[in-house]
Amino acid sequence: MRISQSMFAGLAAAAAGLLLTTGAAVHAANYKVGFITSLSGPEAGLGVAYQKGMKAAYAYQSEVNGRKITLIQMDDETNPTVADRDAHKLVNQEHVDVIIGTANVPDSTAIASVAYRLKTPMIALAPIALQGERASWTVTVPQPVPLMVDAVMKRAKADGVKTVAVIGFADAAGDLFSGAVHAAAKREGIAVVADERFATSDTSVTGQILRILQKHPDAIVDTGAGGPGALPVLELAKLGRKIPVYGTHAMMSEDFVRIAGKAGDGVVAPAGPFMVAAQLPSSNPMRQISLDFGHVYERVNHEVADQAFPSYSFDAWLIFLDAVKRVPPNVQPGTEAFRAALHEALYNTRELIGTQAIYNFRPGDTYGVDARAAVMVRLQGGKWVLADAP
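Residues numbered from 1 in each chain as written. Predicted model: local features only at pLDDT ≥ 70, side-chain atom pairs only at ≥ 80, totals over all residues. Heavy atoms only, no water.

A. Here's a closer look at the overall build of the protein chain. The helix and strand tally for the protein chain stands at 12 helices and 15 strands. Here the C-alpha radius of gyration of the protein chain, 20 Å, is about what a compact globule of 390 residues would show, namely 21 Å. Across the 390 residues in the protein chain, those meeting the buried criterion constitute 58%. Contacts in the protein chain between residues far apart in sequence, at least 24 positions, make up 71% of those at least 6 positions apart. If you sum the accessible surface of the protein chain, you get close to 14800 Å²; carbon and sulfur atoms cover 53% of it. Taking the average location of the 35 positive side-chain charges in the protein chain and that of its 37 negative ones, the two points are 2 Å from each other. (Helix = DSSP H or I, 4+ residues; strand = E, 2+ residues; numbered from the N terminus. Rg over C-alpha atoms; globule rule 2.2 N^0.38 Å. Buried < 20%, exposed > 50% of the residue type's maximum accessible area, 1.4 Å probe, protein only. Contact = heavy atoms within 4.5 Å. Areas by Shrake-Rupley, 256 points an atom, 1.4 Å probe, with all protein chains shown as cover. Lys, Arg positive; Asp, Glu negative; His and termini not counted. Charge placed at Lys NZ, Arg CZ, Asp CG, Glu CD.)

In structure tokens, the structure reads:
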């Protein structure tokens, strides 16, 4: 679904003139960025968060190298088929130079396949796992799941946990997180005694939690995201069962905190530095850019940036801005040659400071982050705070 100018008038005004094309001719010298997110469907909560982050990103900087940037936004409806169609339209009809998106793993994977086939750079906002040539046109902003899950299991081991149960989504994201938990738990000498799944559209996980409790784990690892990811902690609270819950960076959303409420207090999870930017030491290189993003986000969205997902959109924007500066000036946007040059520039990103990580991309590795991208946080009174040492 194309987001029209009239539907998006409020966003355009707040973003100080955000240019969304509606079919009118656009100056050929403009850079064109296609942005796909989920504004409807089960992942709309996350998709809107990414949208707000992009709104702030555009307000932060809307031109580079003396050229304006045209931003074209589309709704994938939390549907891989629609995401595929959106990506084809952005490349074949809009002639974008890069695609940024989207709010979930299945849709992002679909877009990445299109990016590869049509040789268009993609900056992914979901932690997708691509192999071989399919990965060659995509770089990924979120921290890789194994890195963040490894931080969780190291913390669990330090806390004295011997056995865990996993609960997460019955989809590609669930598979990705579950596999990472099993691998990290094995490395840390922790036994996984149960592995339960639920759909993002489910409204209850009573059966799954009861089966988990029958295994008497020392702790539960909830790998869900957004509002649906809060169901396990809500069910534990309803049953009156107190058991340590660990999460992942997928929990760093307003929807999770709001829906979990008091039931979420005490959850320990890994997060990118942005989530606790003001609590970081002044020597941390990601502190200032995180605070800068928070200020512009609050200005254009009229709310505090208290979730992680908008900052991934912002980091994707920073990555694009940095890469496009390294494209030879004689290569014109909107051409195959430009997309190829931008692709090469993306994979030569070095020590780019973002809000979630310091990025270094290389061919053959869609992720460009290291351990500097993870801090351990605890949910307390509806806020994520730096977790105490175990």
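B. Main features of the nonpolar core. The biggest cluster of nonpolar side chains holds 107 residues, and the ones touching the most others in it are Ile123, Met153, Trp317, Phe320 and Trp384. Broken down by element, this core gets its largest block of residues, 11 residues, from helix α11 (residues 309–324). In contact with tryptophan 317, other than residues within four places in its own chain, are Val33, Met54, Ala57, Tyr58, Gln61, Ile69, Leu71 and Ile100. Residues Ala87, Ala115, Ala124 and Leu130 belong to the second largest nonpolar core, which totals 21 residues. (Core = buried A, V, L, I, M, F, W, Y, C linked by side-chain atoms within 4.5 Å.)

C. The arrangement of the packing of aromatic side chains in detail. A full pass over the atoms with the stated rule returns 13 aromatic pairs. Aromatic pair phenylalanine 169 and phenylalanine 198: ring centres 5.3 Å apart, planes at 80°, arrangement edge-to-face. With phenylalanine 169 in strand β7 (residues 163–169) and phenylalanine 198 in strand β8 (residues 191–198), this residue pair connects regions lying 29 residues apart in the sequence. Of the residues examined, phenylalanine 169 reaches a relative accessible area of 4% and is grouped as buried. Judged by its relative accessible area of 1%, phenylalanine 198 is buried. Pairwise contacts between aromatic rings join Tyr31, Tyr58, Trp317, Phe320 and Phe338 into one cluster. Looking at lysine 119, its charged tip hangs above the ring of tyrosine 116, at a distance of 4.3 Å from the centre. (Phe/Tyr/Trp six-rings, centres within 6.5 Å; stacked < 30°, edge-to-face > 60°. Lys NZ or Arg CZ within 6 Å of the ring centre and 35° of its normal.)

D. A look at the pairing of β8. Where β7 meets β8, 7 bridges bridge the pair, whose relative direction is parallel. Residue pairing across strands places phenylalanine 169 opposite phenylalanine 198, the latter belonging to β8. Crossover connection from β7 via helix α6 (residues 172–188) to parallel β8: handedness right-handed. (Pairing = 2+ DSSP bridges. Right-handed = clockwise from strand over helix to strand, strands pointing away.)

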